[in-house]
There are 2 protein chains.
Amino acid sequence: MKKLLETVPNYSEGRDMEKVAKIAACFKNRKGVRLLDCQTDSNHNRCVITAVGEPEALKNAVLDSFGVAVEVIDLNHHEGQHPRMGAVDVVPFIPCRNTTVEEADAIAKELGKEVGEKYGIPVFLYEDSASAPHRQNLAKIRKGQFEGMAEKMQDKELWTPDFGPDHIHPTAGVVAIGARMPLIAFNINLDTDNMEIANAIANAVKNIRGGYHFIKAIGVELNDHYSGRPTVAQVSMNLVNYQKTAVYRAFEAVKMEARRYGVNVLESEIVGVVPMECLIDCAAYYLQACCFGPMKFDPQKQIMENWLLEDEEEEN
Amino acid sequence: MKKLLETVPNYSEGRDMEKVAKIAACFKNRKGVRLLDCQTDSNHNRCVITAVGEPEALKNAVLDSFGVAVEVIDLNHHEGQHPRMGAVDVVPFIPCRNTTVEEADAIAKELGKEVGEKYGIPVFLYEDSASAPHRQNLAKIRKGQFEGMAEKMQDKELWTPDFGPDHIHPTAGVVAIGARMPLIAFNINLDTDNMEIANAIANAVKNIRGGYHFIKAIGVELNDHYSGRPTVAQVSMNLVNYQKTAVYRAFEAVKMEARRYGVNVLESEIVGVVPMECLIDCAAYYLQACCFGPMKFDPQKQIMENWLLEDEEEEN
């Protein structure tokens, strides 16, 4: 099977559609790369590309997009609601098919080196590529944003970049590049409007408050629910490693906590594109599909689509 | 997305591996066709091919395999435990990707016409292609087997073939060809060795005894379970339309009936290759993934592998 990575680079331009189109063009008509999505948000003044591709080809597409971003974006004149520190703000590489986090990490580091050398932009490796624990979290790297970054980087011990110069690019700022597992945005709507309950459940299941290792969670108040309820309390989660903290585990944990308050789950929402594996895993859990022995359920062999993917490889 | 059908033709030869190889060769090195599996059973004296492909290409591969089967198999000298009526005994066409039962039916009828004309073999359309209710069930068509078929076909009102001559082929007999939904073989092992309970549950969930429309079920005694239990009672099901009688519904129905006896489910077994859709459907059910409104879960758009399948299309 062909190796594929996903990338979801974020650019600090969400209003000028000509500029956005130039950035997106770097991912089009390119062998081994497919642009899946380009979302702009004018409040955030930001656009988010989603692309998959063979590792080298995908890396080269992102590298070219840095060239465009440096040309069309000047952070000295950028304002928007979303925090940002660079023209290209952040570039995650995510294992997608037949690839590991280690392979995504190797590509992140190649790209970081080339961005530093070619465009003179300081690069901080983050998440699973981070060179130190305090650099894993994107929010910590980005704290101070573009305007505060020059001063922040004077602390050489903490904030010397992994690649590129030790001072910010005058118009393009700095960038975070790194490998991570696919993030699954998974929301659970409760049959209550009581936000205290949603917050209490979020706190019970999230890592930093003693919950599951790879769950991040907050309570969110929904005011435009399609059911017509005036307010629905939601537990909004990011599952940052579905292989280690499974989707079904997060779901059952929320249901279990909700029972304390006599509250039922209305529904869950799986946001955006997710790997088949994370849902097949749920089906296998709930169906108690064999985990052991000769009858063990093997998604790689037993799901027809996995054969079809291989099929097309051989025809190419 | 490219249209793909699956076919699982059965041939009455499971002992002479040279002959089997000649049959299987019809599905190899053929544009638009992929041979997934070739299983032989010497007790049954039968082989079962599994192949997927673009509808026309797949039909032509099966047509060629009739030529080989007519050449190498003589049912006058065939014996085996499995009932059979033809050198090629049965050819189902199954929607696999981006195809409907109607499209599978059209291909089945094209093949039937060509088999009748080219090889002089009587063809009975069965399952979703059947021309009359009494011809839907393969067992009813096959009753009497090769040896009894000449006499059976004298009843012109009931058993005039849909294609081909109205008398059997002297060595290759007759064949059933038809479209059907994928059959999902789904077994549920109970935490009991009591076969009365397994049989009672099977009877409660199966169509002919008042259960779900598309469930066929029997109780089966397992004597070599990997857990070391001397005997495990199993409810063994065929789900013959997973879109209308879902896998999770069959599972929950068995659990619900088992509760009457205070019996738990040990595990389930999904046998062989199944379409991703039937398991994603289970995940969406158990996770209560939104069924309504703007947040509705859409497997076609939200599962990354579905994008990758499309991706490779465009590259071809």
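- Named according to an unreviewed UniProt entry, chain A is glutamate formimidoyltransferase originating from [Clostridium] aminophilum.
- Here chain A is described in UniProt, under the heading Pathway (unreviewed entry), as follows: "Amino-acid degradation; L-histidine degradation into L-glutamate; L-glutamate from N-formimidoyl-L-glutamate (transferase route): step 1/1."
- Per its UniProt entry, chain A bears the Subcellular location (unreviewed entry) comment "Cytoplasm".

**What about the overall build of chain A?**
Logical step 1: When you go through chain A residue by residue, the secondary structure sums to 11 helices and 11 strands.
Logical step 2: Since a compact globule built from 316 residues should have a radius of gyration of about 20 Å, the 21 Å found for chain A is in line with a globular shape.
Logical step 3: Considering only C-alpha atoms, chain A reaches an extent of 55 × 55 × 40 Å along its principal axes.
Logical step 4: Per-residue burial for chain A yields a buried fraction of 54% across its 316 residues.
Logical step 5: When the accessible surface of chain A is totalled, it reaches about 13,800 Å², and 48% of it is carbon and sulfur.
Logical step 6: Positive and negative charge centroids in chain A, built from 34 and 46 side chains respectively, lie 3 Å apart.

**Remarks on the sheet that holds strand β8 (residues 184-190) of chain B**
Adjacent strands of a sheet form backbone hydrogen bonds with each other and so pair up, either parallel or antiparallel.
Residue and element names in this part refer to chain B.
Logical step 1: If you walk across this open sheet you meet the four strands as β9-β10-β8-β11, and the pairing is antiparallel. Edge positions in the sheet fall to β9 (215-222) and β11 (265-271), since each of these pairs with one other strand and no more. Sheet twist, expressed as the mean angle between neighbouring strand axes with direction ignored, is 20°.
Logical step 2: Pairing analysis gives eight bridges linking β9 to strand β10 (residues 232-239), with the strands arranged antiparallel. Pairing of Gly-219 across the sheet is with Val-235, part of β10.

**Overview of the pairing of strand β10 (residues 232-239) of chain A**
Residues and elements named next belong to chain A.
Logical step 1: Of all the eight residues making up β10, seven are buried; the element is thus mostly covered by neighbouring parts of the structure.
Logical step 2: Here strand β8 (residues 184-190) pairs with β10 via six bridges, running antiparallel. Paired with Asn-187 across the strands is Ser-236, a residue of β10.

**A few points about the sheet that holds β10(A)**
All names here are of chain A.
Logical step 1: In space, the four strands of this open sheet follow the order β9-β10-β8-β11, with antiparallel pairing throughout. Only two strands of the sheet have a single partner each, and these edge strands are β9 (215-222) and β11 (265-271). The sheet shows a mean angle of 20° between the axes of neighbouring strands, direction not considered.
Logical step 2: Relative to β11, β8 runs antiparallel, the two sharing six bridges. Within β11, the position partnered with Asn-189 by the bridge is Glu-267.

**Considering the UniProt feature "domain: Formiminotransferase C-terminal subdomain" (unreviewed entry) in chain A**
Logical step 1: Feature annotation in UniProt places "domain: Formiminotransferase C-terminal subdomain" (unreviewed entry) on residues 182-307 of chain A, given in this structure's numbering.
Logical step 2: Note that residues 182-307 of chain A is 34% helix and 24% strand, and that its end C-alpha atoms are spaced 23 Å apart.

**A word on the side chain of B:Lys59**
Logical step 1: With respect to the helices and strands, B:Lys59 occurs in helix α2 (residues 55-72).
Logical step 2: On the basis of relative accessible area, B:Lys59 is assigned to the buried category, the value being 3%.

**Notes on unusual backbone geometry**
Logical step 1: Phi angles above zero are rare outside glycine, and B:Asn98 is one such case at about 60°.
Logical step 2: Mapped onto the elements, B:Asn98 comes out in the loop between β5 (88-97) and α3 (101-119).

**Let's talk about the side chain of A:Gln302**
Logical step 1: In this fold, A:Gln302 is placed in helix α10 (residues 299-302).
Logical step 2: With residues near it in sequence (within four places) discarded, A:Gln302 still touches A:Lys296, A:Phe297, B:Ile270, B:Val271, B:Gly272, B:Val273 and B:Val274.

**What about the nonpolar core?**
A general trend in soluble globular proteins is that nonpolar side chains are found buried together.
Logical step 1: Residues A:Phe66, A:Phe93, A:Met237, B:Phe66, B:Phe93, B:Phe186 and B:Met237 are the most contacted members of the largest nonpolar core, which totals 189 residues.
Logical step 2: Discounting chain neighbours no more than four positions away, the residues touching A:Phe66 are A:Val88, A:Val91, A:Leu111, A:Val115, A:Tyr119, A:Ile121, A:Val175 and A:Ile177.
Logical step 3: Listed in part, the six residues of the second largest apolar core include A:Leu4, A:Leu36, A:Cys96 and B:Trp307.

**Some details on the relation of the copies chain B and chain A**
Logical step 1: The transformation that overlays chain B on chain A combines an axial shift of 0.0 Å with a rotation of 179°, and the residual RMSD is 0.2 Å. Viewed as a symmetry operation, the transformation between the two copies matches a two-fold axis. Rotation axis and chain B: the residue whose C-alpha lies nearest the axis is B:Ala283, separated from it by 2.3 Å.
Logical step 2: Looking at the interface residues of chain B, 100% of them are also at the interface in chain A, so both copies use one shared face.

**Overview of the packing of aromatic side chains**
Logical step 1: A full pass over the atoms with the stated rule returns 11 aromatic pairs over all chains.
Logical step 2: Ring geometry for A:Tyr248 and A:Tyr286: centres 6.4 Å apart, planes at 75°, overall edge-to-face. Taken together, the positions of A:Tyr248 in helix α8 (residues 247-259) and A:Tyr286 in helix α9 (residues 276-286) put the pair 38 residues apart, joining distant regions of the chain. Each of the two residues, A:Tyr248 as well as A:Tyr286, counts as buried.
Logical step 3: Ring centres of A:Tyr285 and A:Tyr286 lie 4.8 Å apart, and the angle between their planes is 80°; this geometry places the pair in the edge-to-face category.
Logical step 4: A relative accessible area of 37% means that A:Tyr285 is categorised as partly exposed.
Logical step 5: Feature note: the residues A:Tyr248, A:Tyr285, A:Tyr286, B:Tyr248, B:Tyr285 and B:Tyr286 constitute an aromatic cluster, connected by ring pairs.
Logical step 6: A:Lys152 extends its terminal NZ or CZ atom over the ring of A:Trp159, reaching a point 4.3 Å from the ring centre.

**Topic: the UniProt feature "domain: Formiminotransferase N-terminal subdomain" (unreviewed entry) in chain A**
Logical step 1: As annotated by UniProt and renumbered to match this structure, "domain: Formiminotransferase N-terminal subdomain" (unreviewed entry) occupies residues 3-181 of chain A.
Logical step 2: Annotated as residues 3-181 of chain A, this span is 35% helix and 23% strand, and its ends, taken at the C-alpha atoms, are 15 Å apart.

**Brief notes about the domain arrangement of chain A**
Logical step 1: Splitting chain A by domain gives domain 1 (4-179) and domain 2 (184-300).
Logical step 2: Taking the mean C-alpha position of each, domain 1 of chain A and domain 2 of chain A sit 29 Å from one another.

**Focus: the confidence of the model for chain A**
Logical step 1: For chain A, the average pLDDT comes to 92, and 97% of its residues sit at 70 or higher.
Logical step 2: Ignoring residues within four places in sequence, the model shows residues 310-316 of chain A, a span with pLDDT below 50, making 17 contacts including any to other chains.

**Quick word on the interface of chain B and chain A**
Logical step 1: Of the residues lining the interface, 58 residues belong to chain B; the matching set on chain A comes to 58 residues.
Logical step 2: Carbon and sulfur atoms supply 63% of the area that chain B and chain A bury against each other, a total of about 5,300 Å² over both sides.
Logical step 3: Of all residues in chain B, B:Arg34, B:Leu287 and B:Met304 give up the largest surface area on contact with chain A, accounting jointly for 15% of the area buried on that side.
Logical step 4: Viewed at the interface, chain A and chain B are joined by zero salt bridges.
Logical step 5: Our count for the chain B to chain A interface comes out at 16 residue pairs in polar contact (both at pLDDT 80 or more).

Conventions and cut-offs
- Residues numbered from 1 in each chain as written.
- Chains lettered and ligands numbered in written order.
- Predicted model: local features only at pLDDT ≥ 70, side-chain atom pairs only at ≥ 80, totals over all residues.
- Heavy atoms only, no water.
- UniProt positions renumbered as here; feature names shortened; annotations may be inferred.
- Helix = DSSP H or I, 4+ residues; strand = E, 2+ residues; numbered from the N terminus.
- Rg over C-alpha atoms; globule rule 2.2 N^0.38 Å.
- Buried < 20%, exposed > 50% of the residue type's maximum accessible area, 1.4 Å probe, protein only.
- Areas by Shrake-Rupley, 256 points an atom, 1.4 Å probe, with all protein chains shown as cover.
- Lys, Arg positive; Asp, Glu negative; His and termini not counted.
- Charge placed at Lys NZ, Arg CZ, Asp CG, Glu CD.
- Pairing = 2+ DSSP bridges.
- Axes fitted to C-alpha atoms, helices over the stretch in contact; angles between N-to-C directions.
- Contact = heavy atoms within 4.5 Å.
- Core = buried A, V, L, I, M, F, W, Y, C linked by side-chain atoms within 4.5 Å.
- Least-squares fit on C-alpha atoms with pLDDT ≥ 70 in both.
- Phe/Tyr/Trp six-rings, centres within 6.5 Å; stacked < 30°, edge-to-face > 60°.
- Lys NZ or Arg CZ within 6 Å of the ring centre and 35° of its normal.
- Domains from an automatic or database assignment.
- pLDDT = per-residue confidence, 0-100.
- Buried area = accessible area lost by both parts, 1.4 Å probe.
- Salt bridge = Lys/Arg side-chain N within 4 Å of Asp/Glu carboxyl O.
- Polar contact = N/O pair within 3.5 Å; in protein donor to acceptor, adjacent residues only side chain to side chain.

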